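# Tertiary structure, described
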Amino acid sequence: MGMSSYDVANGLILGIETSCDETAVAVVRNGTTALSSVIHSQQVHSRFGGVVPELAGREHERRILTVIKSAMADAGLEMSKPKLEAIAVTMGPGLAGALMIGVAAAKALSLAWSVPIVGVNHLEGHLFAVRLERDPITYPVVMLLVSGGHTMIVFVQEPGKYRIVGNSLDDAAGEAFDKVARFLGLGYPGGPEIEREAEFGDPASVRFPRALRDGSYNFSFSGLKTAVVTYAKRNPEVEVADISASFQEAVVDILVEKTLNAAKELGAASVALAGGVGANTKLRTVLTERAHGLDLGVCIPSRENCTDNGAMIAAAGAWRLHNFGPSDLSLGAYPSLVLPQSI
Ligand code: KG4
Ligand code: ZN
């Protein structure tokens, strides 16, 4: 029985994401509407203050089938003979042992269901999260992609046409949140912990340095991290809440300033947020307010669509499939994959 015997006109794509510490699966219709999205966040890493690659792979292996079954059930699909157009799966970048679990699961389902697979770049997945929002985004858009592993300003002419205009020269923004949180004795992941502390603190209590105010769109966070550590050691009486709020203020300040400068210089119609740090309330509100002040459109995906999820992988997979066709079953895991730049 060939693939043609299946109804592919329904445009349903299963998206599988296992690049880091989230086992996430979703069903998306037409690349824009999530019918289900199930995310299992691994807890085993919290006591180590960071993701342990070996444990991540093992946890994905244990959980993947359960998460797939829930996502299928939530979308009203049978596991035995579902009607799907394709299975999209994150092929990189990420942890090798973690990626391999998702890729292997996608291949197994592909064979069992006679449905093609499409390999998705995790970073492109984050950029496609905006397409899951109700209001269509106006291109060209300058996107701030801020996660645990990446800090990028990407000029997106249209879907698939990217130019990276800024990058972090050292730590990623999320990594800075995680490292500062760890130093302050807060939990992992650090971003949400710092955000919670910051609610009770004064963001103006400490004026931390804003690095690389050099007209470029690059970032540097290791100096800020060192400044926070040094300050906290010298001033043990200052509340963790005040330090957290001041640190968060510095990060948001520099991220928003550079994103808006890039949008103005490149003539973008709108700005958008992507990646786990995009779940930060302060970043979301400051970017929105200041972009409106400049008459720029703004797209801030829901928090669930900012952090790693299967829906964004399905959304990017739909676009890849329709423009470049499916991937071969020899698809591998590519830990160091970069975002393809075509403009
Ligand atoms: O995109 P993501 O879920 O995974 C990667 O691809 O890295 O991003 C995870 C990162 C972590 O560093 C986490 O601390 C950060 O996003 N993060 C936040 C918040 N929620 C998650 N950072 C700041 N504020 C938050 N609310
Ligand atoms: Zn991510």
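Anyway, here's the lowdown on the structure attached to this text. Owing to the predicted nature of the structure, the values given are computational and were not obtained by experimental measurement.

### Considering the overall build of the chain
A count of helices and strands for the chain gives 10 helices and 10 strands. A compact globule built from 343 residues should have a C-alpha radius of gyration of about 20 Å, and the chain, at 20 Å, falls within 12% of that. For the chain, the spread of C-alpha atoms along the three principal axes comes to 70 × 45 × 30 Å. Here the chain holds 343 residues, and 54% of them are scored as buried. Restricting to contacts in the chain with at least 6 residues of sequence separation, those with at least 24 account for 73%. Working note: accessible area of the chain is about 14,300 Å², and carbon and sulfur atoms make up 51% of it. Of the charged side chains in the chain, 29 are positive and 36 negative, and the gap between their average positions amounts to 3 Å.

### A closer look at the site of ligand 1
Near ligand 1 you find 20 residues, and of these Gly148, Asp178, Gly191, Glu195 and Gly276 are the closest. Side-chain polar atom of His126 to an oxygen atom of ligand 1: 3.3 Å apart, as the coordinates give it. At 3.1 Å, a side-chain N or O of Asn280 approaches a nitrogen atom of ligand 1. Burial of ligand 1 by the surrounding chains reaches 90%, relative to a free accessible area of 550 Å². A majority-of-atoms criterion places ligand 1 in the largest pocket. At the level of elements, helix 3 (122–128), helix 4 (173–183) and helix 5 (190–198) are the ones that each hand at least two residues to the shell around ligand 1. Top element by residues in the shell around ligand 1 is helix 5. It accounts for four residues. Its residues placed into classes, the shell around ligand 1 shows five nonpolar, 12 polar and three charged. Composition of the shell around ligand 1 by domain shows at least three residues from each of domain 1 (12–128 + 306–324) and domain 2 (137–300).

### Structural notes on the sheet that holds strand 7 (residues 151–158)
Pairing is mixed across the open sheet formed by five strands, whose spatial order is 8-7-6-9-10. Looking at which strands have only one partner, the edges of the open sheet turn out to be strand 8 (161–167) and strand 10 (297–299). Adjacent strand axes in the sheet meet at a mean angle of 20°, parallel and antiparallel pairs treated alike. Here strand 9 (residues 270–274) pairs with strand 10 via three bridges, running parallel. Residue pairing across strands places Val271 opposite Val298, the latter belonging to strand 10. The strands touched by helix 8 (residues 281–293) within the sheet are strand 6 (141–146), strand 9 and strand 10, with strand 9 carrying the most contacts at an inclination of about 175°.

### Examining the layout of surface pockets
Considering only enclosed or pocket space, the largest pocket measures out at about 1,200 Å³ in volume. Every residue lining the largest pocket is counted, 42 residues in all, and those nearest its centre are Asp21, Gly148, Asp178, Tyr188 and Pro189. Breaking the lining of the largest pocket down by element, the ones donating at least two residues are helix 3, helix 4 and helix 5. Classifying every residue of the lining of the largest pocket by side-chain character gives 11 nonpolar, 20 polar and 11 charged. For the lining of the largest pocket, the two domains that each supply at least three residues are domain 1 (12–128 + 306–324) and domain 2 (137–300).

### Quick look at the sheet that holds strand 3 (residues 33–41)
Taken together, five strands build an open sheet; the order of strands is 3-2-1-4-5 and the sheet is mixed. Single-partner strands in this sheet number two, and they are strand 3 and strand 5 (117–121). Between one strand axis and the next, the sheet turns by 20° as a mean value, whatever way the strands run. Across four bridges, the pairing between strand 1 (residues 12–17) and strand 4 (residues 86–92) is parallel. Residue Gly15 lies in a different strand from strand 4, and its bridge partner there is Ala88. Packed onto the sheet, helix 1 (residues 53–74) meets strand 1, strand 2 (22–29) and strand 3 and runs at close to 25° relative to strand 2.

### A few points about the packing of helix 6 (residues 222–234) against helix 7 (residues 240–266)
Where helix 6 contacts helix 7, the two axes come as close as 11 Å, and the packing angle between them is 160°. As judged from the angle between their axes, helix 6 and helix 7 are roughly antiparallel. In this structure, the crossing between helix 6 and helix 7 has a hand that is right-handed. On the side of helix 6, the interface is formed by Leu224, Val228, Tyr231 and Ala232, while helix 7 contributes Ile243, Phe247, Ala250 and Val251.

Conventions we followed
Residues numbered from 1 in each chain as written. Chains lettered and ligands numbered in written order. Predicted model: local features only at pLDDT ≥ 70, side-chain atom pairs only at ≥ 80, totals over all residues. Heavy atoms only, no water. Helix = DSSP H or I, 4+ residues; strand = E, 2+ residues; numbered from the N terminus. Rg over C-alpha atoms; globule rule 2.2 N^0.38 Å. Buried < 20%, exposed > 50% of the residue type's maximum accessible area, 1.4 Å probe, protein only. Contact = heavy atoms within 4.5 Å. Areas by Shrake-Rupley, 256 points an atom, 1.4 Å probe, with all protein chains shown as cover. Lys, Arg positive; Asp, Glu negative; His and termini not counted. Charge placed at Lys NZ, Arg CZ, Asp CG, Glu CD. Near = heavy atom within 4 Å. Polar contact = N/O pair within 3.5 Å; in protein donor to acceptor, adjacent residues only side chain to side chain. 1 Å grid on protein atoms, 1.4 Å probe; cavity = no way out; pocket = protein on both sides within 12 Å on 5 of 7 lines; lining within 4 Å. Sits in = over half its atoms within 2 Å of the grid points. Nonpolar A, V, L, I, M, F, W, Y, C, P; charged D, E, K, R; others polar. Domains from an automatic or database assignment. Pairing = 2+ DSSP bridges. Axes fitted to C-alpha atoms, helices over the stretch in contact; angles between N-to-C directions. Points joined across faces, edges and corners; volume = space filled by probe spheres on them. Parallel < 35°, antiparallel > 145°, perpendicular 65-115°, else oblique. Left-handed = near helix turned anticlockwise from the far one by under 90°.

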